[in-house]
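# Survey of secondary and tertiary structure
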Amino acid sequence: MKAIIGGTGIDKDKRFLDGTEHIVTRYGEAYYTVLDDIVYLPRHSPGHSVPPHMINYKANVQALVDLGVDSVISIYAVGSITRRLSPGRFGLVKDFIDLAFSRANTFYDGSTREVRHVPFVEPFDRKLGALFARTAVESGYSLAVDSVYITTNGPRLETPAEIVAYRNLGADIVGMTLGTEAALLKEAGIRNAAVAYSINWAAGLDAEGISFLEDESIERLVGEIMSIAVKTLSKL
Ligand code: HPA
């Protein structure tokens, strides 16, 4: 089984909203829809009702494990810190820095008495990412590659000084969810390719303050990414 995890903006896609099923895992409950052998999991729950720092990431990932999912394309709305992935574009995430705190972010939390340190030299599945990139190019789209995502705790947005610091740390894009989710997907042994799309310049980089893409531009981007993601997964 294959899955798409969608977040801000993309979870308005009707595949995340229609016929949502409910599952109770050992870590709590999660929601999803299955259509043509693909599981659609709205990261923030139906109706985008849970903020990033309150998401039950372990329940979401355990739901995928319980449903027999082995391959995931995870999709994230982000702010741009560098020009590697500018607002209005999408691309693959190569690596991440995780600054989130006070979240249940590991399956090896001591409760099972198993001490494990999963290697993260390759946080994402290279082959699945390459297949997504090839499918995007075949469909006539260009995409950014090799972005580094920094995960903040949120829900507040960053200060300009924080964004300068994050750029100096090597981050290209900023968001509030990927680090936690990607860590759990990898610990669970699920192949994961992460796709980010940028909806704004991060704090301090835009003379206007923070301005987000118009709804129509977001809808177009989200439509493109979803069609590429579905095509990619159907090739597996
Ligand atoms: N910061 C954090 N998360 C985000 C942003 C941002 O600027 N844009 C979209 N998600």
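Right, let's walk through the structure included here. Computed from a predicted model, the values in this text were never measured in an experiment.

## Description of the pairing of strand 1 (residues 2–6)
Most of strand 1 is tucked away, with five of its five residues classed as buried. Neither face of strand 1 is exposed, since K2, I4 and G6 on one face and A3 and I5 on the opposite face are all buried. Both strand 1 and strand 4 (residues 38–42) contribute to a ladder of five bridges, which runs parallel. Among the inter-strand pairings, I5 is bridged to a residue of strand 4, identified as L41. As paired elements, strand 1 and strand 5 (residues 71–80) share four bridges and run parallel to each other. Directly across from I5, in strand 5, lies its bridge partner S74.

## Observations regarding helix 3 (residues 126–138)
For helix 3, with 13 residues, the first-to-last C-alpha span of 18 Å sits near the 18 Å given by 1.5 Å per residue. Taken residue by residue, helix 3 has L128, G129, L131, F132, A133, T135 and A136 as its buried positions. In the core, the buried residues of helix 3 are packed alongside strand 5, strand 6 (90–98), strand 9 (191–201) and helix 6 (215–234). One side-chain oxygen of the residue at the start of helix 3 lies 3.3 Å from the amide nitrogen of K127, identifying that residue as D125. Two residues or fewer past helix 3, G140 is found with a positive phi of approximately 95 degrees.

## Describing the environment of S142
Take S142: it is sitting in the loop between helix 3 and strand 7 (144–151). When near neighbours in sequence (up to four residues on either side) are disregarded, S142 contacts R89 and F90.

## What to know about the site of the ligand
Lining the immediate surroundings of the ligand are A77, V78, G79, L157, E158, V174, G175, M176, I199 and N200. At 2.8 Å from a nitrogen atom of the ligand is found a side-chain nitrogen or oxygen belonging to E158. In this structure, a nitrogen atom belonging to the ligand sits 2.7 Å away from a side-chain N or O atom of N200. For the ligand, whose accessible area on its own is 260 Å², the fraction buried by protein is 91%. Assessed atom by atom at 2 Å from the grid points, the ligand resides in the largest pocket. For the shell around the ligand, the elements supplying multiple residues, two or more each, are strand 5, strand 8 (173–175) and strand 9. For the shell around the ligand, the element with the highest residue contribution is strand 5, accounting for three residues.

## A closer look at the layout of surface pockets
Considering only enclosed or pocket space, the largest pocket measures out at about 330 Å³ in volume. Taken together, 20 residues form the lining of the largest pocket, with T8, A77, L157, G175 and M176 sitting closest to its centre. Take the lining of the largest pocket: its biggest share by element is five residues, from strand 5. For the lining of the largest pocket, the residue count by class is eleven nonpolar, seven polar and two charged.

## Observations regarding the pattern of salt bridges
This structure, assessed with the given rule, holds nine salt bridges. The shortest N-O distance in the salt bridge between D172 and R84 comes to 3.6 Å. Of this pair, D172 sits in the loop between helix 4 (160–169) and strand 8 while R84 sits in the loop between strand 5 and strand 6, placing them 88 residues apart in sequence. Relative accessible area serves as the criterion here: at 9%, D172 is assigned to the buried category. Overall, the relative accessible area of 40% leaves R84 in the partly exposed class.

## Some remarks on the packing of aromatic side chains
The final tally for this structure, using the stated rule, is seven aromatic pairs. Judged by centre distance (5.8 Å) and plane angle (70 degrees), the ring pair of Y76 and Y149 falls under edge-to-face. Taken together, the residues Y76 in strand 5 and Y149 in strand 7 connect sequence positions 73 residues apart. Side by side, Y76 and Y149 carry an identical accessibility label, which is buried. Relative to F124, the ring of F96 has its centre 6.2 Å away and its plane inclined at 65 degrees; by these criteria the two rings are edge-to-face. Taken together, the residues F96 in strand 6 and F124 in the loop between strand 6 and helix 3 connect sequence positions 28 residues apart. Neither residue differs from the other here; F96 and F124 are each classed as buried.

Cut-offs used in this document
Residues numbered from 1 in each chain as written. Predicted model: local features only at pLDDT ≥ 70, side-chain atom pairs only at ≥ 80, totals over all residues. Heavy atoms only, no water. Buried < 20%, exposed > 50% of the residue type's maximum accessible area, 1.4 Å probe, protein only. Helix = DSSP H or I, 4+ residues; strand = E, 2+ residues; numbered from the N terminus. Pairing = 2+ DSSP bridges. Expected span 1.5 Å × (residues − 1). Contact = heavy atoms within 4.5 Å. Polar contact = N/O pair within 3.5 Å; in protein donor to acceptor, adjacent residues only side chain to side chain. Near = heavy atom within 4 Å. Areas by Shrake-Rupley, 256 points an atom, 1.4 Å probe, with all protein chains shown as cover. 1 Å grid on protein atoms, 1.4 Å probe; cavity = no way out; pocket = protein on both sides within 12 Å on 5 of 7 lines; lining within 4 Å. Sits in = over half its atoms within 2 Å of the grid points. Points joined across faces, edges and corners; volume = space filled by probe spheres on them. Nonpolar A, V, L, I, M, F, W, Y, C, P; charged D, E, K, R; others polar. Salt bridge = Lys/Arg side-chain N within 4 Å of Asp/Glu carboxyl O. Phe/Tyr/Trp six-rings, centres within 6.5 Å; stacked < 30°, edge-to-face > 60°.

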